[in-house]
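Coordinate inspection notes
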Amino acid sequence: MTEITGIRLNSNVKLQMGTFHVAVWGCQMNVYDADRIRDLMTASGYVELKEPNGADVIILVTCAVRAKAEDKVFNQIGSWRHKGIISDDTVIAFGGCVGSELAHQIIEIDPDIAIVFGPRTAHRLPAMVAQFRATREPVVDVTAEALEKFDSLPEQGQRGPSAFVTIMEGCSNNCTYCIVPHTRGGEDSRPVQDVIDEVITHVANGVKEIHLLGQNVNSYRGMGPDGSIVRLSTLLYEIAAIDGVERLRFTTSNPMEFTDDIIQAIADLPVIADSIHIPVQSGSDRILQLMRRDYTADSYRELVAKLRKARPNIFISTDIIVGFPGETDEDFAQTMKLVDDVKFDASFSFIYSVRPGTPAADLEDNVPLEHKRQNLYALQAKLEDYATMYSQSLMGTRQRVLVEGISRKSDQELKARTSNNRIVVFEGSRDLVGQMVDVDIIKVMSHTMKGQLINSALNLSN
Ligand code: SAH
Ligand code: SF4
Ligand code: F3S
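Quick look at the structure, then.

Glancing now at the overall build of the protein chain. Per the secondary structure count, the protein chain includes 16 helices and 23 strands. For 462 residues, the compact-globule formula gives about 23 Å, and the C-alpha radius of gyration of the protein chain, at 23 Å, lands near that figure. For the protein chain, the share of sequence-separated contacts (at least 6 apart) that also reach a separation of at least 24 residues comes to 72%. Surface exposure of the protein chain reaches about 20400 Å², of which carbon and sulfur atoms provide 50%. Across the protein chain, the centroid of the 47 positively charged side chains sits 4 Å from that of the 62 negatively charged ones.

Moving on: the site of ligand 3. Close to ligand 3 lie Cys27, Asn30, Thr62, Cys63, Ala64, Val65, Cys97, Val180, Arg184 and Gln215, which account for all nearby residues. Per-class residue counts for the shell around ligand 3 are six nonpolar, three polar and one charged. Here the shell around ligand 3 spans two domains, and each of domain 1 (2–141) and domain 2 (148–389) adds at least three residues to it.

Grouped together as the largest cluster of nonpolar side chains are 65 residues, with contacts concentrated most on Ile167, Leu212, Leu236 and Phe250. If sequence neighbours within four positions are ignored, Ile167 has contacts with Asp188, Ser189, Arg190, Val195, Leu212, Leu213, Val217, Tyr220, Leu232 and Leu235.

All right, on to the packing of helix α14 (residues 329–342) against helix α15 (residues 369–393) then. Think of two packed helices as two axes; the pair is described by the angle between the axes and how far apart they sit. At a minimum axis separation of 10 Å, α14 and α15 run at an interaxial angle of 5 degrees. Taken together, the axis directions place α14 and α15 in an arrangement best described as roughly parallel. Within the contact between the two elements, α14 uses Asp329, Phe332, Thr335, Met336, Val339, Asp340 and Val342 and α15 uses His371, Asn375, Ala378, Leu379, Lys382, Leu383, Tyr386 and Tyr390. Classifying every residue of the contact of α14 with α15 gives nine nonpolar, three polar and three charged.

Every residue lining ligand 2 is accounted for by Cys171, Asn173, Asn174, Cys175, Tyr177, Cys178, Val180, Pro181, Gln215, Asn254 and Arg293. Class assignment of the residues belonging to the shell around ligand 2 gives a composition of six nonpolar, four polar and one charged.

Looking at the element boundaries, Leu414 is found in strand β20 (residues 413–418). Along the sequence, Leu414 and His371 sit 43 residues apart, while their C-alpha atoms lie 43 Å from each other. Setting aside its immediate chain neighbours within four residues, Leu414 contacts Val403, Gly405, Ile406, Ser407, Val424, Val425, Phe426, Gly428, Ser429, Arg430, Leu432 and Val433.

The next point concerns α14. Here α14 is 14 residues long and its end C-alpha atoms lie 20 Å apart, about the 20 Å a rise of 1.5 Å per residue gives. Among the residues making up α14, those that are buried are Asp331, Phe332, Thr335, Met336, Leu338, Val339 and Val342. In an axial view of α14, the angular spread of the buried residues amounts to 155 degrees, which keeps them on one side of the axis. If you follow the buried residues of α14, they end up packed against α12 (285–290), α13 (297–310), β17 (319–322) and α15. Directly beyond the C-terminal end of α14, a positive phi value near 55 degrees is found at Lys343.

The next point concerns the pattern of salt bridges. Pairing is possible between side chains of opposite charge, provided their charged atoms come close. A full pass over the atoms with the stated rule returns 36 salt bridges. Note that Glu169 and Lys149 form a salt bridge whose closest N and O atoms lie 2.7 Å from each other. In this pair, Glu169 sits in strand β9 (residues 168–169) while Lys149 sits in helix α7 (residues 148–151), placing the two residues 20 residues apart along the sequence. Per residue, the accessibility class of Glu169 equals that of Lys149, and both read buried. Among the ionic contacts, a cluster of salt bridges with common partners joins Asp35, Arg36, Arg38, Asp39, Glu48, Arg159, Arg190 and Glu198.

Reading around the barrel, the five strands line up as β19-β20-β21-β23-β22 and close back on themselves, with mixed pairing between neighbours. With direction set aside, neighbouring strand axes in the sheet form an average angle of 50 degrees. Bridge count for β20 against strand β21 (residues 423–427) is five bridges, and the pairing is antiparallel. Note that in β21 the partner of Lys415 across the bridge is Val425.

A few words on unusual backbone geometry. With an omega of 0 degrees, the peptide bond running from Thr251 to Thr252 counts as cis. Backbone geometry at Ala103 places phi at a positive 40 degrees, although glycine is not the residue there. Along the chain, Ala103 falls in the loop between α4 (96–102) and α5 (105–109). A relative accessible area of 14% places Ala103 in the buried class. Of note in the backbone geometry, Asn421 takes a positive phi value of approximately 75 degrees without being a glycine. Structurally, Asn421 is set in the loop between β20 and β21.

Before going further, it helps to spend a moment on the pairing of strand β2 (residues 19–24). Each regular strand carries side chains that alternate between the two faces of the sheet. The buried fraction of β2 is high, at five of six residues. Two elements, β2 and strand β3 (residues 47–49), share two bridges in a ladder whose sense is parallel. Bridge pairing in β3 places Phe20 opposite Glu48. With five bridges connecting them, β2 and strand β4 (residues 57–62) associate as parallel partners. Residue pairing in the sheet places Phe20 in a bridge with Val57 of β4.

This part covers the sheet that holds strand β11 (residues 209–213). With parallel pairing, the three strands of this open sheet are ordered in space as β8-β11-β14. The sheet terminates laterally at β8 (162–166) and β14 (247–251), the two strands that pair on one side only. Adjacent strand axes in the sheet meet at a mean angle of 20 degrees when their direction is disregarded. Inspection of the sheet shows β11 paired to β14 by five bridges, in the parallel sense. In the strand pairing of β14, Leu212 is matched with Phe250. Against the sheet, helix α2 (residues 28–43) contacts β8, β11 and β14, and its axis sits at roughly 100 degrees relative to β8.

The rules we used
Residues numbered from 1 in each chain as written. Chains lettered and ligands numbered in written order. Predicted model: local features only at pLDDT ≥ 70, side-chain atom pairs only at ≥ 80, totals over all residues. Heavy atoms only, no water. Helix = DSSP H or I, 4+ residues; strand = E, 2+ residues; numbered from the N terminus. Rg over C-alpha atoms; globule rule 2.2 N^0.38 Å. Contact = heavy atoms within 4.5 Å. Areas by Shrake-Rupley, 256 points an atom, 1.4 Å probe, with all protein chains shown as cover. Lys, Arg positive; Asp, Glu negative; His and termini not counted. Charge placed at Lys NZ, Arg CZ, Asp CG, Glu CD. Near = heavy atom within 4 Å. Nonpolar A, V, L, I, M, F, W, Y, C, P; charged D, E, K, R; others polar. Domains from an automatic or database assignment. Core = buried A, V, L, I, M, F, W, Y, C linked by side-chain atoms within 4.5 Å. Buried < 20%, exposed > 50% of the residue type's maximum accessible area, 1.4 Å probe, protein only. Axes fitted to C-alpha atoms, helices over the stretch in contact; angles between N-to-C directions. Parallel < 35°, antiparallel > 145°, perpendicular 65-115°, else oblique. Expected span 1.5 Å × (residues − 1). Arc of directions from axis to C-beta. Salt bridge = Lys/Arg side-chain N within 4 Å of Asp/Glu carboxyl O. Pairing = 2+ DSSP bridges.

Shown next as structure tokens:
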């Protein structure tokens, strides 16, 4: 039997609207959007199904950042059709970044797709579904005013102890390889009060950890209550002051605008977590320039040094692109050197993927794919070594963790997250889910750690 989730409305009339399923790919901003779509559809009288089987409406929140990410969604639709999960009656709503990238072309690729929406028009989904059901004509709507989406969404649903809060949409940086400015549009920051109100709603629902999101959060410039422009550092102080916020994260930070006021906020506010993601992309200044990333490998090293001075325990993770057009072995060696100098914590690395319409798509690329793959494997082996080194450094330490739920492997064990973003499993009572507790790290495995709960009575009273 299909499990039904998200039934928060008890009106029978609303249940008659039908069922929906949301599938999501891509970054945390898509996860945020997908959750808001769930809130919206539920408030409009639809019931969420955890599995796609039998759903009247299947909503796809897609990612366009690399060709592989884009292929995943089309493969998924094909597989669902093959298995009979999608029938002629299923309304397929294709959204997210591929939605806005390809817009009308999606209907040409697959004429059975009913609706195409983009990251900025997700809030219009119930109206689009209604329009399609009334006319049986495809509905394509991917452009909207800057922050209309955020003004048109219902209150956040309850979803565990950690919550994403998008503080800005889009990106105005135009790195030459990147499709995001095209799919999400230019940068628009949400007003400070909207962000604060969303955080207050979350903490009232028991959320302990707030994770601020944007493609480029360091360039946040939201309107303050008095009409002045507020920067990220000020927003961090404001959110840290909200009663009930016990841990604060923000992603993604761009090295180009990691100003001293943000570093000072990290030094001043213990509530900010001990881990930060700062994508470097390459250790070669020549490649960074071709990527239009406005910093050098050395200025990145200096930034890391300042951050570690402000917060000695901070874990720094990154993104690296291997095989940007024309990347030489010397360029790649500089990336490897940067990794050795900085010693990143868990990081993401990718082979460069040509994105249509981006400036880098016109650059000559004479490096064979096999060579790029070899480099990627060498880089990933190095990154993995450092990730293991950091995990091992936690052995025997006491960590404050946020209990996120029950472990997947054993229902006797809880799953929690450290401030530096490591997963810890430990034996404990289910009452602790949603709480911050202290554990001793007693074993370090490859991707998780085992902990031992410290004085549960004491922990529970926190
Ligand atoms: N806004 C963030 C990154 C967003 S995209 C920033 O500027 O740091 C997430 C990651 O995908 C990027 O950091 C980059 O490493 C990778 N990426 C983006 N475009 C890519 C492409 N065309 N090919 C390969 N990787 C890409
Ligand atoms: Fe893409 Fe660069 Fe913007 Fe990040 S900062 S989303 S990599 S254009
Ligand atoms: Fe992908 Fe769009 Fe995020 S392209 S990485 S889902 S902003």
